[in-house]
Amino acid sequence: MNDYKPSQIEPKWQRYWDEHKTFKTDDSDRSKPKYYVLDMFPYPSGSGLHVGHPEGYTATDIVARYKRMKGFNVLHPMGWDAFGLPAEQYAIKTGTHPRITTEKNIERFKTQLKSLGFAYDWDREINTTSPDYYRWTQWIFLQLYKKGLAYQADVPVNWCPELGTVLANEEVIDGKSEVGGFPVIRRPMRQWMLKITEYAERLLEDLEELDWSESIKLMQRNWIGKSVGANITFKVAGHEGEEIRVFTTRPDTLFGATYMVLAPEHELVAKITTDAKRAEMDAYVEQAARKSDLDRGELNKNKTGVFTGAYAVNPATGESVPVWVADYVLITYGTGAIMAVPGHDERDWEFAKKYGLEIREVVAGGDVSKAAHTQTEGSACVNSDNGEVSLNGLAVDEAKQRIIGWLEEKGLGEGAVTYKLRDWLFSRQRYWGEPFPIIHVDGQPKPLSEADLPLTLPDVERYEPSGTPESPLAGITDWVETTDPETGKPARRETNTMPQWAGSCWYYLRFIDPDYTQGPVSKEKEQYWMPVDLYVGGAEHAVLHLLYARFWHKVLYDLGVVSTKEPFYKLVNQGMILGEVEYTVYRAEYGRFLTQDDLKTYSGELTRIRLRQDQVTKNDAEGYELDPSRAAEPVTVMHPNGKKEEMSGYFSDADLKQAVPVEARSFKMSKSRGNVINPDEVVKQYGADALRLYEMFMGPLEQPKPWSMSGVEGVYRFLKRVWRLMIDEEGDGGLHPLVQDVAADRAQEKALHEAIKKVTDDIEGFRFNTGISALMIFVNEAMQWEQRPLGLMRDFLLLLSPYAPHLAEELWERLGFEASVAEQPWPEYDPAKLISDVKTYAVQVNGKVRGEITLPLSDAGDKEKVLALAKEEPGVAKYLKEAQIVKEVFVPMRIVNIVVKPA
RNA sequence: GCCGCUGUGGUGGAAUUGGUAGACACGUUGGACUUAAAAUCCAAUGGGCCUUAAAAGCCCGUACCGGUUCGAGUCCGGUCAGCGGUACCA
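All values reported here derive from a predicted model rather than from experimental measurement.

A. Inspection of the overall build of chain A at higher detail. On a plain count of helices and strands, chain A comes out with 28 helices and 37 strands. By principal-axis analysis of the C-alpha atoms, chain A measures approximately 100 × 90 × 70 Å. Evaluated residue by residue, chain A yields a buried proportion of 52% over its 903 residues. Sequence separation of 24 or more characterises 70% of the internal contacts of chain A that already satisfy a separation of 6 or more. Surface accessibility of chain A: about 40,600 Å² in total, with carbon and sulfur atoms responsible for 49%. The average position of the 108 basic charges and that of the 137 acidic charges among the side chains of chain A differ by 2 Å.

The following block contains the structure:
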């Protein structure tokens, strides 16, 4: 017996690649063009590799192996984004040092990755928690600090008592922590902030030059949220010298600003509120302060506010307008105050209606008594003339220009741009993160000198949060208390640590030069390798990681550390792999089966009945139902109490009188659902090559797609066919007798060259699924041949090798070739060999295919000959008999279409 | 609500610039091999109609409605559904 045994050949070749350092990147060779392929930095979690990881990793591995064979100097590294909350929480629970947990998890991840045969240069492995690495993370922070891009501020932050830490806005989802779902409240704290807003415009502009999907670029643009408008100053009546600055995108509606609104946190609120209103205002402001973002969001539809009793002066009309306070105005955006134009803004309109404020039309075209008129196209301004400036009759865009000109002239305002993007909250109250290279002397922050880096994490005894928002580091007195090396004064170390994003913001640079000691990366190597040519990862990092990394990169660019404006030239986001499709019947308490629509409103107890795919049929209404003929077969019944039970004959005759609706869908893999596929199990049963191949064969890389175990079996069968194509299974495991060193015939060569073309084009275009299909087509054909020419088998293995490298290496060796298949040049296809002697045209009559004609290639471009032959084709001829030919369409090498009408 | 993406057989998907819709797989059915099973191989497989049967033929069909075109899965307008992002951003 000599059948295909991945469990034997895969470890063998993994060992070979390790020992021969097959995939070590040669840094000294500058003669070859470079190609930098990068996977998104994994967090080595305790649960090990998920099937989602190998999806992106296989894609990059295929590209890396292919580019190497194409003669590129390829950089394809892997490392660990290993700081983070889970290891710390585990430490709190068990007292295990996060370093130990992290090392263990990394070991496991690495073993798993190696078992999949990825062509990483493991000599470049990096780890964000290693002092050699975070030394440079700290160094970059110092540069940010020196450039004035890092500052401390007292900001209301998301304090999560349960986690004992402050979370970034993006780690809070619907008022709960992203990790664990614990409640989050707002409280002010001294925090480190990074001025990413200073780079907003460049982050926006430089998106243009990137080869990223439009949807990701759009998400980034929305996140940055650029708005163009004007800042306008309103004087406060009766408060000499007090002004309210507002930002508006609609300065053209200034004449319609009939009231103003301040955010509850606005500094003027206390100053201008009249005594009569003070008690009411204080209560409102306090209530708003206590609300989380969630509460504010929930009140979306029911706006509340309180009149300050004060009035401001509309600079255009000179009229007094009331100043309100309402929490629909956010202190964090623009100036924290707005001019309200209820006639032309939906929120303002709603608020004005509720509180009986004046609604004035200043842009014609709507009915402002019924709704805000927000449309700008084709609308002209009205009621907008104060004797000095008139907008009447102007289109919105012109009106904006005119009024801004007037405001600037009078010193009442100016054109302005605002971004939704906010500064980056950069500190965390955690132990397991990079310490800030900062000491506090006399209450002032002072950076350590670069020579003192790295500032290493001290060991602690206990990891519990102190119950205060401070990090566990605050409790380590002999680390926290230090002296200023310059002045000898007593100093305190910064006890916050950096967020997990820090280490992943620049790791792509460290891979280039992991042992460099004079900086994050040497200039010479950076210039050779950057930018990253291909970056693959999940879409969950679409905004934050990619925006933060781009920000740091631009700072480093300004410092001259890097030579490119952008870090990642091409980005591909893999789609999520979902669990196997589940076919479920839902049954209500009283026995009725529920449709999808019923489920939306039903709230009682549910029994769920899980069916197999072949027990289900599709009905006319595009839904699924139970196949009555299969109803007696075993099903899994999940009772409302959570009990699971296998039952045969679950459905009674009465149940089957009507169609039983079935829900067919696949869900995100999750432990609680029990639909998680463990890649180790797949490797054990089918091998790494099958797993790799299947993950690529499932469908387009960027699309989400459901897992299917029988799909894995399908590609496994293909690999076995490849094996049998070349190996004599019945005999002693030598070559298959049909594999012979003979010349290939024309048809065989054509089959190979078609495969070469398709596989090559598809790798270039990231269409791995159709590339595999081309490999299958070749094998299906080759299996029929009476001889299997060695040279063709050889070239086929080269095509297979990026996808199924272990099998390719093994067969390469058994065919008697030297060295590693990974070190061979990629085969080129010969266009001459793709051409066949004949051409087959489909012939249409009135756009419908009625026949086919085949003629020698030499005649295929001859319209006369083709049409003559087409008209003779019996299937076509019968439609021409009683008809009159109106038009003859001939597209060379594509189609013939004869248009007729009844005679 | 707003923005974006996606809708193709029983299933995953293919059709790269408008040119024979369903490649390649999975599943199913039938057959071969086998004491039997697994594995493997062969055949059929979008739906319907016609036909004793076969060969062949015809009609319908890419979420739905409409349009452009000799010709539309592909382009345009509208609708619906699913997924993702975002949410008082002035």
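B. Structural view of the pairing of strand β25 (residues 606–611). Here β25 shows one buried face, formed by Thr607, Ile609 and Leu611, and one open face, formed by Leu606, Arg608 and Arg610. Sheet topology places strand β23 (residues 582–588) next to β25; six bridges connect them, and they run antiparallel. Note that in β25 the partner of Tyr583 across the bridge is Leu611. In terms of strand pairing, β25 meets strand β28 (residues 635–638) through three bridges, oriented antiparallel. Within β28, the position partnered with Ile609 by the bridge is Val637.

C. Looking closely at helix α1 (residues 6–20). Helix length check: α1, at 15 residues, gives a terminal C-alpha distance of 21 Å against a target of 21 Å (1.5 Å per residue), a fit within 8%. Every buried residue of α1 is listed here: Pro6, Ile9, Glu10, Trp13, Gln14 and Trp17. The buried side chains of α1 occupy one side of the element, clustering within an arc of 130 degrees when seen end-on. Projecting away from the buried face of α1 at angles above 90 degrees are the exposed residues Ser7, Gln8 and Glu19.

D. Fine view of the protein's contact with RNA strand B. Looking at RNA strand B, there are 62 residues lining it, with Thr249, Lys303, Arg347, Lys758 and Asn897 nearest. Among the atoms of RNA strand B close to the protein, meaning within 4 Å, 63% are from sugar or phosphate groups. One of the backbone N or O atoms of Thr249 is found 2.3 Å from a sugar or linking oxygen in RNA strand B. Gln613 has a polar side-chain atom sitting 3.3 Å from a sugar or linking oxygen of RNA strand B. For the surface near RNA strand B, the residue count by class is 23 nonpolar, 17 polar and 22 charged.

E. Just a positive patch on the surface, in detail. Side chains of Lys848, Arg850, Lys878 and Lys881 sit close together on the surface and give a patch of like positive charge. In this structure, Lys878 sits in helix α28 (residues 874–880).

F. Spatial organisation of a nonpolar patch on the surface. A cluster of nonpolar residues, Ile835, Leu857 and Met893, forms a patch on the protein surface that exposes about 240 Å² of accessible area. Relative to the helices and strands, Leu857 resides in the loop between β35 (848–856) and α27 (863–872). Overall, the relative accessible area of 31% leaves Leu857 in the partly exposed class.

G. Molecular detail of empty space enclosed by the protein. Summed over the entire model, instances satisfying the criterion amount to three cavities of 30 Å³ or more. The wall of the largest cavity is formed by Phe83, Gly84, Arg430, Trp432, Gly433, Glu434, Met498, Pro499 and Gln500. Considering only residue class, the lining of the largest cavity consists of four nonpolar, three polar and two charged.

H. A look at the packing of aromatic side chains. Within the structure shown, the criterion is met by 54 aromatic pairs. Taking the centre distance of 3.9 Å and the plane angle of 10 degrees together, the rings of Phe41 and Tyr507 count as stacked. With Phe41 in the loop between β1 (34–39) and α2 (52–69) and Tyr507 in helix α15 (residues 507–510), this residue pair connects regions lying 466 residues apart in the sequence. Here Tyr507 falls in the buried class, since its relative accessible area comes to 0%. A centroid spacing of 5.3 Å and a plane angle of 70 degrees characterise the contact between Tyr686 and Tyr716, whose relative ring orientation is edge-to-face. Placement of the pair is Tyr686 in helix α19 (residues 679–686) and Tyr716 in helix α21 (residues 709–726), with a sequence separation of 30 residues. Residues Tyr686 and Tyr716 agree in their burial class; the two are buried. Taken together, the ring pairs connect Phe141, Tyr145, Trp192, Tyr199, Trp424, Phe426, Phe436, Trp501, Tyr548, Phe551 and Trp552 into an aromatic cluster. Across the ring face of Trp479, the terminal group of Arg493 is positioned such that the distance to the ring centre comes to 5.5 Å. Above the ring of Tyr841, the side-chain terminus of Lys839 is found at 5.5 Å from the ring centroid.

I. Expanded view of the environment of Leu448. Looking at the secondary structure, you find Leu448 in the loop between β17 (444–447) and α13 (477–480). Taking relative accessible area as the criterion, Leu448 reaches 9% and is therefore assigned buried. In this structure, the C-alpha to C-alpha distance between Leu448 and Ala87, residues 361 residues apart in sequence, is 28 Å. Those residues in contact with Leu448 that sit more than four places away from it in its chain are Leu142, Pro437, Ile438, Ile439, Leu455 and Arg493.

J. Spatial organisation of unusual backbone geometry. For the bond from Leu453 to Pro454, the omega torsion is 0 degrees, close enough to zero to count as cis. The residue Pro454 is located in the loop between β17 and α13 in this model. Following Met530, the chain continues into Pro531 via a peptide bond in cis, with omega recorded as 0 degrees. Looking at the secondary structure, you find Pro531 in the loop between α16 (523–529) and β20 (534–538). Notably, Phe766 is not glycine yet its phi reads approximately 60 degrees, a positive angle.

K. Main features of the pattern of salt bridges. Considering all chains together, one arrives at 61 salt bridges under this definition. Where Glu524 meets Arg30, a salt bridge forms, and the shortest distance between an N and an O atom there is 3.1 Å. Within this pair, whereas Glu524 is found in helix α16, its partner Arg30 is found in the loop between α1 and β1, the two being separated by 494 residues in sequence. Assessed through its relative accessible area of 29%, Arg30 is described here as partly exposed. With its nearest N and O atoms 2.8 Å apart, the salt bridge here joins Arg550 to Glu566. Of this pair, Arg550 sits in helix α17 (residues 544–559) while Glu566 sits in the loop between α17 and β21 (571–574), and the two are 16 residues apart along the sequence. In this pair, the class of Arg550 matches that of Glu566, namely buried.

L. Up close: the domain arrangement of chain A. Splitting chain A by domain gives domain 1 (31–138 + 501–577), domain 2 (150–195 + 423–493), domain 3 (226–419), domain 4 (582–665), domain 5 (683–833) and domain 6 (836–902). The centre of domain 2, based on its C-alpha atoms, is set 77 Å off from the matching centre of domain 6.

M. Just the sheet that holds β17, in detail. Pairing is antiparallel in the open sheet, where four strands are placed in the order β17-β16-β19-β18. Of all strands in the sheet, those bounded by a partner on one side alone are β17 and β18 (481–483). For this sheet, the mean angle separating the axes of adjacent strands, direction not counted, is 45 degrees. In terms of strand pairing, strand β16 (residues 438–441) meets strand β19 (residues 490–493) through three bridges, oriented antiparallel. Pairing of Ile439 across the sheet is with Arg493, part of β19.

N. Quick look at the sheet that holds strand β36 (residues 883–891). Spatially, the four strands line up as an open sheet ordered β35-β34-β37-β36, and their pairing is mixed. Edge positions in the open sheet fall to β35 and β36, since each of these has one partner strand only. When the angles between neighbouring strand axes are averaged without regard to direction, this sheet yields 20 degrees.

O. Main features of the environment of Tyr333. Residue position: Tyr333 is located in the loop between β12 (320–326) and β13 (337–340). The exposure class of Tyr333 is partly exposed, given its relative accessible area of 26%. The sequence separation of Tyr333 and Glu450 amounts to 117 residues, and the corresponding C-alpha distance is 36 Å.

P. Spatial organisation of the pairing of β19. Here β19 shows a clear split, with Ala491 and Arg493 buried on one side and none of Pro490 and Arg492 buried on the other. Sheet topology places β18 next to β19; three bridges connect them, and they run antiparallel. Bridge pairing links Thr483 to Pro490 in β19.

Rules used in this analysis
- Residues numbered from 1 in each chain as written.
- Chains lettered and ligands numbered in written order.
- Predicted model: local features only at pLDDT ≥ 70, side-chain atom pairs only at ≥ 80, totals over all residues.
- Heavy atoms only, no water.
- Helix = DSSP H or I, 4+ residues; strand = E, 2+ residues; numbered from the N terminus.
- Buried < 20%, exposed > 50% of the residue type's maximum accessible area, 1.4 Å probe, protein only.
- Contact = heavy atoms within 4.5 Å.
- Areas by Shrake-Rupley, 256 points an atom, 1.4 Å probe, with all protein chains shown as cover.
- Lys, Arg positive; Asp, Glu negative; His and termini not counted.
- Charge placed at Lys NZ, Arg CZ, Asp CG, Glu CD.
- Pairing = 2+ DSSP bridges.
- Expected span 1.5 Å × (residues − 1).
- Arc of directions from axis to C-beta.
- Near = heavy atom within 4 Å.
- Polar contact = N/O pair within 3.5 Å; in protein donor to acceptor, adjacent residues only side chain to side chain.
- Nonpolar A, V, L, I, M, F, W, Y, C, P; charged D, E, K, R; others polar.
- Patch = residues over 30% accessible without salt bridge, like charges linked within 9 Å, V, L, I, M, F, W, Y side chains within 5 Å.
- Salt bridge = Lys/Arg side-chain N within 4 Å of Asp/Glu carboxyl O.
- 1 Å grid on protein atoms, 1.4 Å probe; cavity = no way out; pocket = protein on both sides within 12 Å on 5 of 7 lines; lining within 4 Å.
- Points joined across faces, edges and corners; volume = space filled by probe spheres on them.
- Phe/Tyr/Trp six-rings, centres within 6.5 Å; stacked < 30°, edge-to-face > 60°.
- Lys NZ or Arg CZ within 6 Å of the ring centre and 35° of its normal.
- Domains from an automatic or database assignment.
- Axes fitted to C-alpha atoms, helices over the stretch in contact; angles between N-to-C directions.

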